[in-house]
Amino acid sequence: MAEVVGVRFKEVGKIYYFDPNGKKVNKGEFVIVETARGIECGEVAMENREVADEQIVHPLKAIMRIANADDLKTVEENRKKEKKAYELCSEKIAKHKLEMKLVNVEYTFDNSKILFYFTADGRIDFRELVKDLASVFRTRIELRQIGVRDESKMLGGLGICGRPFCCNSFLGEFQPVSIKMAKEQGLSLNPVKISGACGRLMCCLKYEQPAYDYLLKITPKQGATVKTKDGMGTVVDVNLLTGTLKVKLDAHQDGAPQTFKRDEVKLVKDSKIVVNKEELEAFKDIE
């Protein structure tokens, strides 16, 4: 076990562990730490606590100090400089006629590096752009290409549910989302309905999946053979959330399917939910 402090560098970002270095810090305080990209100022998202060694990436860097008024003023000044750097970089991109979209700009706390985040359809030769920017800012320049999910997380917005993007409001890290999840949740396999503003599968499919995994274990799937009070039949439709099944009875093949609750039938042979190759090919661009 080791004592750590969790620090976050973006409002809704990943939490990194640091050695408290004998300091007791409170959640919401700002601290100065050394990171892989330089000296940074981050917000304490997790107070001092003991965690297992296997959860830590060694060596654990120590907190340099708790941020003072001058440090917070530097952070504020950097935010202002980032806006100017964004405008200047946008002009340079247009000047060099590069097919790229500037998304965000970040100064490191000590101004040792400026990071420019952008999106593009393919690889971009931005060597001349970097030289141009370096001659203006006279510091290290890093251009980092990001994906459409990262762009949405940085910019924010409203999802089709009417609420702020999950990635921008509370999801610290992206989790893999698959078309199989959409199928298991009984959603229409329509890209417009199952993809977010970023054009990829909605993140909410992932964190709702455990509930559906449980319901799938206790509910016969479409195509399953079940025994009902009216005889044997085949499940032709399932509503996982309400637990209702429509069963085509073997004794009444020409009749309409009968409706039963999942606890009113006995499973004889279950079916499987399978994503076929055609579906995988059709939705590969939004996974």
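See the structure shown above.
Residues numbered from 1 in each chain as written. Predicted model: local features only at pLDDT ≥ 70, side-chain atom pairs only at ≥ 80, totals over all residues. Heavy atoms only, no water.

Enquirer: I'm lost on helix α7 (residues 204-218) in this one. Help?
Expert: Think of an α-helix as 3.6 residues a turn; residues three or four steps apart then line up on the same face. Taking 1.5 Å of rise per residue, 15 residues should cover 21 Å, and α7 covers 22 Å from first to last C-alpha, within 8% of that figure. Along α7, the sharpest kink reaches roughly 40°, centred on Pro-210. When α7 is considered as a whole, its buried residues turn out to be Leu-205, Gln-209, Tyr-212, Leu-215 and Leu-216. Next to the buried residues of α7 lie α5 (179-184) and α6 (191-194). (Helix = DSSP H or I, 4+ residues; strand = E, 2+ residues; numbered from the N terminus. Expected span 1.5 Å × (residues − 1). Bend = angle between axes of the 7 residues up to and from the residue. Buried < 20%, exposed > 50% of the residue type's maximum accessible area, 1.4 Å probe, protein only. Contact = heavy atoms within 4.5 Å.)

Enquirer: Explanation requested: the sheet that holds strand β7 (residues 113-119) in the structure shown.
Expert: Backbone hydrogen bonds hold the strands of a sheet together, and the pairing may be parallel or antiparallel. If you walk across this open sheet you meet the three strands as β6-β7-β8, and the pairing is mixed. Each of the sheet's edge strands pairs with one partner strand only, and the pair in question is β6 (101-107) and β8 (140-145). Strand-to-strand, the axes of this sheet are offset by a mean angle of 20°, without reference to chain direction. Together, β6 and β7 form the strand contacts of helix α1 (residues 69-95), whose direction differs from that of β6 by roughly 145°. Lying on the sheet, helix α3 (residues 148-155) is in contact with β6 and β7; it crosses β6 at an angle near 60°. (Pairing = 2+ DSSP bridges. Axes fitted to C-alpha atoms, helices over the stretch in contact; angles between N-to-C directions.)

Enquirer: In this structure, what is going on with the side chain of Asn-48? I would like to understand it.
Expert: Within the element layout of this structure, Asn-48 appears in strand β4 (residues 38-51). There is a polar contact of 3.0 Å between the side chain of Asn-48 and the side chain of Glu-3. (Polar contact = N/O pair within 3.5 Å; in protein donor to acceptor, adjacent residues only side chain to side chain.)

Enquirer: Can you walk me through the pairing of β8 in this structure?
Expert: A regular strand places its side chains so that they alternate between the two faces of the sheet. Pairing geometry for β7 and β8, over six bridges, is parallel. The residue of β8 that forms the bridge with Lys-113 is Arg-140. What joins β7 to β8 is helix α2 (residues 127-137), and the crossover it makes is right-handed. (Right-handed = clockwise from strand over helix to strand, strands pointing away.)

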